[in-house]
Amino acid sequence: MIRRIALSLALLLATTFLTADASEPGRRRPVTNPQATVDGVIASMTPEGFRVQTPGGLVSVGVTTATEIVRTANAIAAPVPAVGDYTLTDALVTRDGSLTARRVALFTVSASVASSDTIRIEGKVAAVSPESSELKLETLRGVLLTVATNETTLIRRDGTAIGLRDITIGSIARVVGKPTGERTLLALEIDVHTTKQPPQQRDAVAGEVVEVRSAERTLVVRNVVKGPRPASDELAIVKADERTEIYRRRERIRFEEIQPGDFVFAQGELDAVKTLLAAHIDVTDPPEPAPMVAGRVLEVSATTRQFAVAVERGWMGDESPGPLTVVVSDDAKIYRDRELVRFDAIKPGDFVHVAGKWREDRTLVASVVHIVTLPPVPPMPAILGEIVEIESATRTLIVRVRAMGPMENATDGTVKVLVGEETKIFRNGEPSRFADLRTGEVVAVVGELREDRTLLAKRIDVIVPPSRPAHVMGAVASVGERSIDVIVPQPYPTFMEVRVTILVSDATEIFRNGERASLSEIKLGDMVAASGEWRDERTFFASRIEVKSFMPPPPPPPPVNLRGTIESVSPGGIRVAASDGQSWAVSVSRKTIITRDGVQVRFESLLVGERVEVAGVLTADRAVTALKIAVVAP
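Bear in mind that the values here come from a model prediction, so they are computed numbers and not experimental data.

Student: Before we go on, may I ask you to explain the overall build of the protein in this structure?
Tutor: Looking only at helices and strands, the protein has two helices and 46 strands in total. Residues classed as buried in the protein amount to 39% of the 634 residues present. Across the protein, the fraction of contacts at a sequence separation of at least 24, relative to all contacts at a separation of at least 6, is 55%. About 35,100 Å² of surface is accessible on the protein, with carbon and sulfur atoms providing 53% of the total.

Here it is in structure tokens:
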């Protein structure tokens, strides 16, 4: 079992890199944040957009007619992306992980500068030198930085382009730039603010507008994305004033033009009652629903526009056991390899990603169907083991095997590995050379098996374990007069349990649950953490031992059943006056089931004065987290 797990991880490590060219370089995991900044050098252009080489890899960015593209030199000049340009792209993230650019800022900088990490610094301007194109910035921690500018640096004050000499000493500036030395950086963007204090971290609310209160210039939003401080579990209140900037697809609009059903993204600050005081509101299209299931198509019915899927993966707990029926609505979008296709393009055997909405009968009504062409990954012989001998003249390794497949076991426990000029060698993910290989190192090898049972390596990964810590943790297996044997689980690549002997002297300090103890008080099954030093591979000399007894899990929170009248309704909960005269704060989450006359209703339909029965659990602060709320007749 241990060898099978080790081999599976080795094969996964190898095939991930071997199939990298066949997979989509810009694939990202689904995220919930509606905004992202792509920072790097444009590596290639596509009809739909471009790909950016970032420190984390290639990222694909889509471009639409609404995308704003500027070349930052304090003057617009040929705002057309090109391979080699450095870009800071402000993008919207849909729930399937794709990126659509809102604003693309292009810079012409040297390759060495573009390849270093971008940093963002905020502080007070201490000095300005237009002659040397520099300014001094004192950060919030009191560090003085030298900020250099050039003709590509974009400088703004409250959103308006200015020159370096227009920056006043004492103003607050936010700098985006590249480090060029110790406490020096080249500025790509400088935003100067007239406020005395730097702007605070913004809170955010995103979701569908449920209600528009024009007289109060207030929106009630069903919140789906939280900011640094969440506004509520379900509904959020967004308030605008005359200073709030409101846009619909980058066109400035008035508050009165926002309608129920619009999707908004609002930024600002939450006040004491969790109302978002908005500085900026974007009215935009709602993000596509997140993918819910993925699997193979079993059969297709053209007459009913539905198909059956054998679910292999699911997101957010939405997978259904057994085959799943998918109904494709008339306005659903169907893609095959990013090209729009018709329903009849779906064939049995296709692998699909489906997004949409569940019906009560657990049928999925699809709004988006992606037909994915999976790259073939033929099994390749692979081994995991230790280098016991290196023949430099013939570029050959003798590897003592720990796990291997799908080839027969080695007769003497070793395999000869031939390293060609085209063999890719990596050490902890970084490119390496044959000359850097050493005996005793653990390697994962993928290659081609030859007739003479030698393995011609395609890729070799040297797995360098971290430095051995000066501590041991494990379960006590036996206790001697001056020692303890503990079972220590080992991480990748061995996945083995190792028995380590901990030596104890008169100077060793022993504690049990924070209280001083003796060696005789340590029992089988106790968990110990010992600090000290290693004597050899299996012997550890302890200077201190912490012993923890097995503690049973805490009891579940006590159930609560209330019957009373709703005193008040606020975002995220209600207050109930119980029959015994007590007043209870009742919080509501997305898992709370709310019914009226046996029919499930929304939280916002609850009214002050209604009689309710609440079933929930009691929290530590004497509040109730509701599982069910039933509105009953008075």
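Here the narrative resumes.
Student: I would appreciate a short explanation of the pairing of strand 33 (residues 471-479) in the present structure.
Tutor: A regular strand places its side chains so that they alternate between the two faces of the sheet. Bridge analysis of strand 33 against strand 38 (residues 527-536) gives five bridges, and the strand direction is antiparallel. The residue of strand 38 that forms the bridge with His471 is Ser531. With four bridges joining them, strand 33 and strand 34 (residues 483-489) adopt antiparallel strand pairing. The partner of Val476 across the bridge, within strand 34, is Val486. Counting the residues between successive antiparallel strands, the hairpin from strand 33 to strand 34 contains three residues.

Student: Looking at this model, I keep getting lost on the pattern of salt bridges. Mind explaining?
Tutor: A pair can form between side chains of opposite charge whenever their charged atoms are brought close. Enumeration over the complete set of coordinates arrives at 29 salt bridges. Between Arg499 and Asp485 there is a salt bridge; the shortest N-O distance is 3.2 Å. With Arg499 in strand 35 (residues 497-503) and Asp485 in strand 34, this residue pair connects regions lying 14 residues apart in the sequence. What makes Arg499 partly exposed here is its relative accessible area of 43%. Residue Asp485 is classed as buried on the basis of its relative accessible area of 15%. Connected via shared salt-bridge partners are Glu208, Arg222, Arg602 and Glu604.

Student: Sorry if this is basic, but what is going on with the side chain of Arg222 here?
Tutor: Its location among the elements puts Arg222 in strand 15 (residues 218-226). Among the polar contacts listed, one links the side chain of Arg222 to the side chain of Glu604, at a separation of 2.8 Å.

Student: Mind showing me how you'd approach the nonpolar core here?
Tutor: Counting residues in each nonpolar core, the largest one holds 22 residues, and the members touching the most others are Ile574, Val586, Val614, Val624 and Ile629. Going through the elements one at a time, strand 16 (235-239), strand 40 (559-570), strand 41 (573-578), strand 42 (583-587), strand 45 (611-618) and strand 46 (624-632) are the ones with two or more residues in this core. Looking at this core, the element that brings in the most residues is strand 46, giving four residues. When residues no more than four places from it in sequence are discounted, the contact partners of Val586 are Leu562, Gly572, Gly573, Ile574, Val576, Val614, Val624, Ala626 and Ile629.

Student: Would you take a moment to explain unusual backbone geometry for this structure?
Tutor: Positive phi values are uncommon outside glycine, yet Arg395 reaches one of about 50°. Inspection of the secondary structure assignment puts Arg395 in the loop between strand 27 (382-391) and strand 28 (396-405). For Arg395, a relative accessible area of 22% corresponds to the partly exposed category. Phi at Asp597 is positive, roughly 55°, even though this residue is not glycine. As for its placement among the helices and strands, Asp597 is situated in the loop between strand 43 (593-596) and strand 44 (599-600).

Student: Quick question: what am I supposed to make of the environment of Thr244 here?
Tutor: For Thr244, the location among the structural elements is in the loop between strand 16 and strand 17 (245-248). Considered as a pair, Thr244 and Arg254 are ten residues apart in the sequence and their alpha carbons are 9.7 Å apart. Residues within four places of Thr244 in sequence aside, it is in contact with Arg252, Ala278, Ala279, His280 and Ile281. Among the polar contacts listed, one links the side chain of Thr244 to the backbone nitrogen of Asp241, at a separation of 3.0 Å. Looking at Thr244, its side chain comes within polar contact range of the main-chain oxygen of Ala278, at 2.8 Å.

Student: Which parts of the structure should I look at to understand the environment of Arg213?
Tutor: Considering the arrangement of structural elements, one finds Arg213 in strand 14 (residues 203-213). Along the primary structure Arg213 and Glu256 are separated by 43 residues, whereas in three dimensions their C-alpha atoms are 9.4 Å apart. Excluding residues that lie within four positions of it along the chain, Arg213 makes contacts with Thr218, Val220, Ile237 and Phe255.

Student: When you look at the side chain of Arg459 in this model, what are you seeing that I'm missing?
Tutor: By the element assignment, Arg459 lies in strand 32 (residues 455-463). Using a relative accessible area of 3% as the deciding quantity, one classes Arg459 as buried. Within the local environment of Arg459, its side chain forms a polar contact with the side chain of Asp461, the two groups lying 2.6 Å apart.

Student: What should I look at first to understand the pairing of strand 9 (residues 144-148) in this one?
Tutor: Of the strand pairs in this sheet, strand 8 (residues 134-139) and strand 9 are connected by five bridges, and their pairing is antiparallel. Residue pairing for strand 9: Leu135 is matched across the bridge by Val147. Where strand 9 lies against strand 13 (residues 184-193), three bridges are found, and the strand directions are parallel. Pairing of Val147 across the sheet is with Leu185, part of strand 13.

Student: What is the right way to look at the confidence of the model for the protein in this model?
Tutor: In low-pLDDT segments, the atomic positions of the prediction should not be examined closely. For the protein, per-residue confidence averages 77 on the pLDDT scale, and residues scoring 70 or more make up 77% of the total. Counted against residues more than four places away or in other chains, residues 1-33, with its pLDDT under 50, gives 54 contacts.

Student: Can you walk me through the environment of Thr275 in this structure?
Tutor: Here Thr275 lies in strand 20 (residues 275-284). Note on Thr275: relative accessible area 13%, which makes it buried. The sequence separation of Thr275 and Ala236 amounts to 39 residues, and the corresponding C-alpha distance is 7.0 Å. The contact partners of Thr275, leaving out residues within four places of it in the chain, are Ile237, Lys239, Glu269 and Leu270.

Quick notes on the rules
- Residues numbered from 1 in each chain as written.
- Predicted model: local features only at pLDDT ≥ 70, side-chain atom pairs only at ≥ 80, totals over all residues.
- Heavy atoms only, no water.
- Helix = DSSP H or I, 4+ residues; strand = E, 2+ residues; numbered from the N terminus.
- Buried < 20%, exposed > 50% of the residue type's maximum accessible area, 1.4 Å probe, protein only.
- Contact = heavy atoms within 4.5 Å.
- Areas by Shrake-Rupley, 256 points an atom, 1.4 Å probe, with all protein chains shown as cover.
- Pairing = 2+ DSSP bridges.
- Salt bridge = Lys/Arg side-chain N within 4 Å of Asp/Glu carboxyl O.
- Polar contact = N/O pair within 3.5 Å; in protein donor to acceptor, adjacent residues only side chain to side chain.
- Core = buried A, V, L, I, M, F, W, Y, C linked by side-chain atoms within 4.5 Å.
- pLDDT = per-residue confidence, 0-100.

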